[in-house]
Amino acid sequence: MKIIGITGKIGAGKTLILDHLRARGDSFVVESDVLAKELYKPGRRVYTEISDAFGDEYIETTTSEIDRKRLAALVFSDEKELEKLNAIVHPAVKSEILYLISEKAKMGVKYFFIEAALLIQDGYREICDEIWFVRADERIRMNRLVKSRGYSEDKCRSIFTSQPDDEYYISNSDRVLDNTGEPIEVLNEIDSLL
């Protein structure tokens, strides 16, 4: 089984690519953010560790779920609290991904894709056979985010400046998938690669 990491900036079109990979039938796709949300659920190790580390005031009384908005407000205003949360969540996500890789290999899956915004920064190079960077021109990304998510151009610019530049991704990736043109172009390129 080949393990491929997918990363890219916001609005680059990773969702289009992931949907295409899922539809192929020979691939399994895990999105680290979606997996992390699963691990936040009651009864999961991350839930317990967050409750222990941050206290019951971050548990919603009516649903017994973690109050993610309240927790986000705390961690994004305090770097030490963010580090504490990341020290809980990131290793748990990686551990779950390693478990899924083992299970899917037993099932004969041909390609295992890991999508993560911080794929490179979180050390997934040691897990992946290849890392693919999905890129698109900034103007195209902004147009996509304004149309699909209703973001303002100012919000887009703020997000863009918080992300590493293209050169960082390119220098840490094995392949660059340019998703600036028509969607069929990048999808055909992926099928050719696989």
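Placed above this text is the structure.
What you are looking at is a predicted structure, and each value in this text was computed from that prediction instead of being measured.

Chemist: I keep staring at the overall build of the chain and nothing clicks. Help me out?
Modeler: Of the regular secondary structure elements, the chain holds 9 helices and 5 strands. Written out in order from the N terminus, the α and β elements of the chain read β-α-β-α-α-α-α-β-β-α-α-α-β-α. Viewed in the frame of its principal axes, the chain has a C-alpha envelope of about 50 × 45 × 30 Å. Counting the 194 residues in the chain, one finds 42% classified as buried. Pairs at least 24 apart in sequence give 71% of the contacts found in the chain among residues at least 6 apart. Charged side chains in the chain number 28 positive and 36 negative. The centres of these two groups are separated by 2 Å.

Chemist: Explain the side chain of Arg141 here, please?
Modeler: Looking at where Arg141 falls in the secondary structure, it is placed in helix α6 (residues 138–149). Of the buried charged residues, Arg141 lacks a salt bridge, with Glu138 as the closest side chain of opposite charge at 4.2 Å. Dropping the residues within four chain positions of it, Arg141 is found in contact with Lys9, Ile10, Gly11, Ala12, Ala136, Phe160 and Gln163.

Chemist: Help me understand the sheet that holds strand β1 (residues 2–8) in this model?
Modeler: Adjacent strands of a sheet pair through backbone hydrogen bonds, lying either parallel or antiparallel. Strands sit in the order β2-β3-β1-β4-β5 across an open sheet of 5 strands; the sheet is parallel. The strands lining the two open edges of the sheet, one partner per strand, are β2 (27–31) and β5 (175–178). The mean angle between the axes of side-by-side strands here comes to 25 degrees, regardless of whether they run parallel or antiparallel. Sheet topology note: the β1/strand β4 (residues 130–135) ladder contains 5 bridges and is parallel. Within the sheet, the bridge partner assigned to Gly5 lies in β4 and is Ile131. Set on the sheet, helix α5 (residues 79–106) makes contact with β1, β2 and β3 (111–115); between it and β3 the angle comes to about 165 degrees. Those strands touched by helix α9 (residues 183–193) are β4 and β5, and its axis lies near 150 degrees from that of β5.

Chemist: Whenever I open this one, α5 confuses me. Can you help?
Modeler: Side chains three or four residues apart in an α-helix point the same way, a direct result of the helix having 3.6 residues per turn. For α5, built from 28 residues, the straight-helix expectation of 40 Å at 1.5 Å per residue is met to within 8% by its first-to-last C-alpha distance of 40 Å. Maximal helix bending in α5 amounts to about 30 degrees, located at Asn86. Turning to α5, the residues buried within the fold contact β1, β2, α2 (32–39), α3 (45–54), α4 (68–75) and β3. One side-chain oxygen of the residue at the start of α5 lies 3.0 Å from the amide nitrogen of Lys80, identifying that residue as Asp78. Phi turns positive, to about 85 degrees, at Gly108, one or two residues after α5.

Cut-offs applied
Residues numbered from 1 in each chain as written. Predicted model: local features only at pLDDT ≥ 70, side-chain atom pairs only at ≥ 80, totals over all residues. Heavy atoms only, no water. Helix = DSSP H or I, 4+ residues; strand = E, 2+ residues; numbered from the N terminus. Buried < 20%, exposed > 50% of the residue type's maximum accessible area, 1.4 Å probe, protein only. Contact = heavy atoms within 4.5 Å. Lys, Arg positive; Asp, Glu negative; His and termini not counted. Charge placed at Lys NZ, Arg CZ, Asp CG, Glu CD. Salt bridge = Lys/Arg side-chain N within 4 Å of Asp/Glu carboxyl O. Pairing = 2+ DSSP bridges. Axes fitted to C-alpha atoms, helices over the stretch in contact; angles between N-to-C directions. Expected span 1.5 Å × (residues − 1). Bend = angle between axes of the 7 residues up to and from the residue. Polar contact = N/O pair within 3.5 Å; in protein donor to acceptor, adjacent residues only side chain to side chain.

The values reported here are purely geometric and, on their own, carry no functional implication.
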